[in-house]
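# Analysis of the macromolecular model
Residue-level listing of the chains:
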Amino acid sequence: MKCLQARFAASNFYTNVGPILLCVNAYRDVGNSLTLNSTRSLPLSPQLNKVVQEAVRQQSETGYPQAIILSGTSGSGKSHASMLLLRQLFAVAGGGPETDAFKHLAAAFTVLRSLGSAKTATNSESSRIGQFIEVQVTDGALYRTKIHCYFLDQTRVIRPLPGEKNYHIFYQILAGLSSEERAKLNLEGCSPSTLRYLQHGDTRQDVTEDSLRFQAWKTCLGVLGIPFLDVVRVLAAVLLLGNVQFIDGNGLEVDVKGETELNAVAGLLGVSGAALFRGLTTRTHNARGQLVKSVCDANMSNMTRDCLAKALYCRTVATIVRRANSLKRLGSTLGTLSSDSNESVHNQAEIASQHASTIGGGTNAGSKSMAALNNAVKHATDGFIGILDMFGFEDPKPSQLEHLCINLCAETMQHFYNTHIFKSSIESCRDEGINCEVEVDYVDNVPCIDLISSLRTGLLSMLDVECSIRGTAESYVSKMKIQHKHNSRLFDPKSLESRLFGIQHFAGRVIYDASGFLDTNKDVVPDDLVAVFYKHNCNFGFATHLFGSELKALYSIENVPRGISFRISPTSHTDLLNGDEPVSTLTQDFHTRLDNLLRTLVHARPHFVRCIRSNSQESSNRFERTTVMRQIRSLQILETVNLMAGGFPHRMRFKAFNTRYRLLAPFPRLQRTEEKLMEDCNLILEHVIELMSKEQNVHVATNWAIGKRHIFLSENIRQHLEKLRTETRQKSAVLIQATWRGYRFRCRWATIRREKELQTSTINQSTITRATNNGARPRPQPIAGTPPPDPNEKCDNKIIQQTCNLFGLDGAAASRSAE
C-alpha cells in the first residue's frame, strides 16, 4: 500500500509484480474518453509497452495465441488501458496509427463506446458492453482485427437506475441534431426531462460536450460505411416509444396515451400506425392446434412496447458490430453476415465448409469457394493477440439480473487468474515433488461460481426453471434459499423483503432485487410484433434487416403469426428451432458465450493487467487508501507478491528451457542430447549463478528446482535469465555485425586502397598548385602545340599589309596599331 501510494504521488501509475502489471487509475483528463484517438496525445508508459512487446515476441517466436486480460472493479480504467494497449499493438505490428486499419478500428471504437457506455452511480463512463478485441497476426504483421461484443445491460434502455443515466448516444442525439434533423425525426421540443426512457434517471446534460461527441460519432459511422439516417431513425423511435403508454379502456381493447408518438414511431420504422398498434396490443395463441387471437391488457401491452425498444436497440448495436467486423475481413464471399455478433474467427473454417458444400454453379464458383475454405483454415490456425476488457465488479442499489451476470463474469475472470497464477503453480510443485518454502494462502472463489452457475442447482438454472413454469419472484427466492440454506455465500439481507437475497462475492457483499428477474430472463418478443416488420408491410429496409433471421423462420410456414416468441437479443437462423420457441434465455446465452470465451483464453498465453481505481469520487490525482485497500485485498495482490518473491510461479519443460537459455552456458560442456536435458539445465543454471556472483550489489534470491518434467523458477531467477539472455544476444549481434563488416572491408581493401591513393594524389596536386600561385587564381594554360608569344619579337610590316589586303582592311592603320 505504501509502495503504491508513494509511486502514485510521483505520477508513477504502473507497477510490476513480476510479469503482472498493476494500473492505478488517476482520473486525469484525457479528452473525449469515448474515442480511441483521444489517447494519441498521451505518452505510452514503458510498462504497457513491455506487455505488448512481450505478447508480440511470444506470438512471433512460438505462434501461440496471446491474451492480454484486464480486470478490476468498475471505474478502474480498464477501457482506457485497453485503448493504450491497442494503440501500442498497432505501433508494433500494425504499421502505426496512420494506417487505414487503425482508422477503421478507431471509428468502430468511437461508435460502440457511445452506444455501449453509460453513467452509473460509481462510474461516469461505464462500459456496459464487454469486449474482446481479437488481433490476427500473420508472419509478425497485423492481418486484421475483430471485435467480439458481449452486450448485456438491456434494462437500461427502458429504465436506468435512480441517479444513473441511459446510454450516452441518446443524450448526444438530443444535443447534436440540427433543427431540420429534429423535425425529420419528430424530436422537436424533446429533452431528457420530457422523454420517459430518460426522465427517471439523471437528466443533467453537458450539451456542448455531447454535441461534439455526436459529431465525432456521426463522422465515424460514415467511416464504417453505415448510413447515419438508418441508425438515427431507429434510435429516435426507441426514445419516442417510451412516451407511448397503454391504458385500460372501457371495452376489451386498450386505449393509447400518446397516439402522436405512436404514429411518429410507426413512420420512423416504415410501418403503418394501425399495424404497429395491433402488433403491440394483440397476441396469438396456439390452443391445441387452433390459432386464437386475444387482446392484451394495458400492462402486457406496455411490456411488449418495452421489449420492442430493447430489441431495436440491441439489434442495432449487433448490426453495427457485424458491419465493423465485415470490412476487410477474411472470406467476404463466405455468405451473408451472421446475426450473431460473437462469431469467432476460428469458426470461419466451418462456415466456409458449409458454404462450399451447398454452393451452386460451375467450376469457377466451386474453385472460389475452395479457395475461401483454404484461406479460412490457414488463418484460423494462425496465432492472435487478444485484448480482453470485460465487465468489472459492481454493487448498485438495487442490483438486477444484469448485475448478477456482470458479477458472475468478474468472478469467472478472478477464478481464471487464481487458476493460472496460484493453483497451477502450487499443484504442479506438489505433483512433481517440489517443496516450496512459501505457502500462498489464496481465496478460491469456486463456491461462489458454483452457487450462481452450477448445472442443476445454480441460481441461473433455477431461474430458467421458474421461467418455464411461469413462477414469481417470491417463489424463486424462496426455493433458492431452501436449496442453498447451508451455503455460506448466500445470505439474507436485513430487510425482510421476500424478493431480496444477498451473495458474498470475492469483492464484497451484494444484495439483489429479484423483482424483474423473470421478465428480463425470458428476453422474448412475440411473433405478432415481429411480423409487422415483414418486407411486404415495412418500407424501411433497415428495420426489416434487424429481424431478418426471425422473419425468415417465421414465414417458412404459412400461418403467420402463430403464437411463438423470439429472443430480444439477435439470434442466427441456425439457433431458431425450426421457427419454434427460442432455445435459450438471456442467462443461458450469456453463460454459453462466457464459456466460449474461457475456451479461447485457455488455449492462449495470458498476460494480466490488474486495474485499480484510486478513489470513489472520480477525482483527479486523489489516492483514497480505503478504496485502494479494498481492491488490493479482493484482487489478492499481496498473495501475488508473496508468490513472486519466494515461490515458484514459473515452470518450463526441460527442452524448452534448454532451447531458450543454452546460449548462456559454455557450449562445449553441453551434452545436447534428449537423454541429458536435465544435466544441461543444471549446467546452465550453475553457470548463471556463477555469473551473478561476480556482479556487484546483487541481492536477489536465486531459487530454482528440478522436477520430474519441468524446471521450476522463482521470479527473480527468471528475470536474471532473461536479462543475461538479452545481453548475450546483443553482444552476439554486435560481434556478428562487426565480423561481417570487417570481412567485407578486407575483401574490398585493394579497391579501397587504390581509391584512397588516387584521392590523396589529387589532394596533394591541388595543394602544390595553390602554393605556387600564392593563393591567387591560376592563369589559363596555353593551348597544347602552340608556342607562347615572344614579347620582344616585332611584326613584319610586309606580312601585315598582305594580310590586310586579303581581308580588305587598311594596312597602314594596322601597322600603327601593332607598333
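Residues numbered from 1 in each chain as written. Predicted model: local features only at pLDDT ≥ 70, side-chain atom pairs only at ≥ 80, totals over all residues. Heavy atoms only, no water.

## A few points about helix H28 (residues 715-747)
Where we set the bar: Where helices and strands are cited, they refer to DSSP runs of H or I of at least four residues and of E of at least two residues respectively, numbered from the N terminus. What a helix is expected to span follows from its residue count: subtract one and scale by 1.5 Å. In this scheme, a residue with accessible area under 20% of its type's maximum is buried, one over 50% is exposed, and one in between is partly exposed, where area comes from a 1.4 Å probe on protein chains only. Residue contacts follow a heavy-atom distance rule, with two residues in contact if any of their heavy atoms lie within 4.5 Å.
Compared with the 48 Å implied by 1.5 Å per residue over 33 residues, the 48 Å span of H28 between its first and last C-alpha is a close match. For H28, the complete set of buried residues consists of Glu715, Ile717, His720, Leu721, Glu722, Leu724 and Arg725. For H28, the secondary structure elements touched by its buried residues are helix H25 (637-646), strand S19 (650-653), helix H26 (654-661), helix H27 (677-694) and strand S21 (710-713).

## Thoughts on the nonpolar core
Put simply, the rule reads: Side-chain atoms within 4.5 Å are what join buried Ala, Val, Leu, Ile, Met, Phe, Trp, Tyr and Cys residues into a set we call a nonpolar core.
Formed by 187 residues in total, the largest nonpolar core has its most connected members in Trp217, Tyr313, Tyr476, Phe501, Ile503, Phe517 and Leu601. With residues near it in sequence (within four places) discarded, Phe517 still touches Ser399, Gln400, Leu401, Leu404, Leu463, Tyr476, Phe501 and Tyr512. Formed by 19 residues, the second largest nonpolar core is a distinct cluster that contains Leu677, Leu713, Leu721 and Leu724.

## Considering the sheet that holds strand S14 (residues 500-505)
For clarity, the threshold we go by: For two strands to pair, DSSP has to find at least two bridges joining them.
On the basis of which strands lie adjacent, the open sheet formed by three strands has the order S13-S14-S15 and antiparallel pairing. Here the strands that pair on one side only, and so sit at the sheet edges, are strand S13 (490-491) and strand S15 (508-513). With six bridges connecting them, S14 and S15 associate as antiparallel partners. Across the sheet, His505 pairs through a bridge with Gly508, a residue of S15.

## Notes on the packing of aromatic side chains
Convention followed: Two rings from Phe, Tyr or Trp (for Trp, the six-membered ring) form a pair when their centres sit within 6.5 Å of each other. Planes less than 30 degrees apart are called stacked, planes more than 60 degrees apart edge-to-face, and all others tilted. When the NZ atom of lysine or the CZ atom of arginine is within 6 Å of a ring's centre and also within 35 degrees of its normal, the charge is said to sit over that ring.
In this structure the tally under the stated criterion is 27 aromatic pairs. When the centroid spacing of 6.3 Å and the interplanar angle of 40° are considered together, the rings of Tyr476 and Phe517 count as tilted. Residue Tyr476 is found in helix H18 (residues 473-483), and its partner Phe517 is found in helix H19 (residues 517-522); the two are separated by 41 residues along the sequence. Taken as a pair, Tyr476 and Phe517 share a single burial class, namely buried. Seen from their ring centres, Phe540 and Phe542 are 6.1 Å apart, and the 45° between their planes marks the pair as tilted. Take Phe542: its relative accessible area is 13%, and that puts it in the buried class. Taken together, Phe416, Tyr417, Phe422, Tyr442 and Phe608 form an aromatic cluster joined through their ring pairs. The positively charged end of Arg233 is found above the aromatic ring belonging to Phe540, 3.8 Å away from the centroid.

## Some details on the packing of helix H15 (residues 401-431) against helix H23 (residues 586-602)
Between two packed helices, what matters for the description is the angle formed by their axes and the separation of those axes. Keep this limit in mind: Angles shown run from 0 to 180 degrees and are taken between the N-to-C directions of axes, each axis being a line fitted to C-alpha atoms and, for helices, limited to the stretch in contact. The cut-offs work like this: below 35 degrees is roughly parallel, past 145 is roughly antiparallel, 65 to 115 is roughly perpendicular, and the gaps in between are oblique. A clockwise turn of the near helix away from the far one marks a right-handed crossing, whereas an anticlockwise turn of less than a right angle marks a left-handed crossing. Think of it as three bins: nonpolar holds Ala, Val, Leu, Ile, Met, Phe, Trp, Tyr, Cys and Pro, charged holds Asp, Glu, Lys and Arg, and polar takes everything else, Gly as well.
The N-to-C vectors of H15 and H23 enclose an angle of 20°; their axes lie 11 Å apart at closest approach. Taken together, the axes of H15 and H23 lie roughly parallel to each other. When you trace H15 past H23, the crossing you get is right-handed. Counting all contacts with H15, which are made through Leu401, Cys405, Leu408, Cys409, Thr412, Met413 and Phe416, the residues of H23 involved are Leu586, Thr587, Phe590, His591, Leu594, Leu598, Leu601 and Val602. Among the residues forming the contact of H15 with H23, the class breakdown is twelve nonpolar, three polar and no charged.

## Here's the deal with the sheet that holds strand S18 (residues 605-613)
Taken together, seven strands build an open sheet; the order of strands is S1-S2-S18-S3-S12-S6-S7 and the sheet is mixed. At either end of the open sheet lies a strand with only one pairing partner, and these are strand S1 (14-17) and strand S7 (141-151). Neighbour-to-neighbour, the strand axes of the sheet open up by a mean angle of 20°, direction not taken into account. The pairing of strand S6 (residues 129-138) with S7 spans ten bridges and is classified as antiparallel. By the bridge assignment for S7, Ile133 is matched with Ile147.

## Some words on unusual backbone geometry
The bulk of non-glycine residues show a negative phi, and the bulk of peptide bonds are trans. For the peptide bond that leads from Lys397 to Pro398, omega is 0°, which places it in the cis range. Within the secondary structure layout, Pro398 lies in the loop between strand S12 (384-389) and H15. The omega angle of the peptide bond from Val560 to Pro561 is -10°, so this bond is cis rather than trans. Following the sequence through the fold, Pro561 ends up in the loop between helix H22 (548-554) and strand S17 (565-567). At Asp523, a position not held by glycine, the phi torsion is positive, near 55°.

## Things to note about H18
Using the following cut-off: Here the arc refers to the directions that run from the helix axis out to each C-beta atom.
Within the sequence span of H18, burial applies to Ala473, Tyr476, Val477 and Met480. Summarising the axial view, the buried residues of H18 lie within an arc of 95°, below the 170-degree limit, and thus occupy one face. Among the structural elements, helix H17 (459-468), S13, S14 and H19 are those in contact with the buried residues of H18.

## Quick word on the environment of Cys538
Considering the arrangement of structural elements, one finds Cys538 in the loop between helix H20 (527-530) and helix H21 (541-546). For Cys538, a relative accessible area of 7% translates into the label buried. Each C-alpha atom, one on Cys538 and one on Ser272, is 8.1 Å from the other, the two residues being 266 residues apart in sequence. Excluding residues that lie within four positions of it along the chain, Cys538 makes contacts with Leu269, Gly270, Val271, Val532, Phe533, Ala543 and Thr544.

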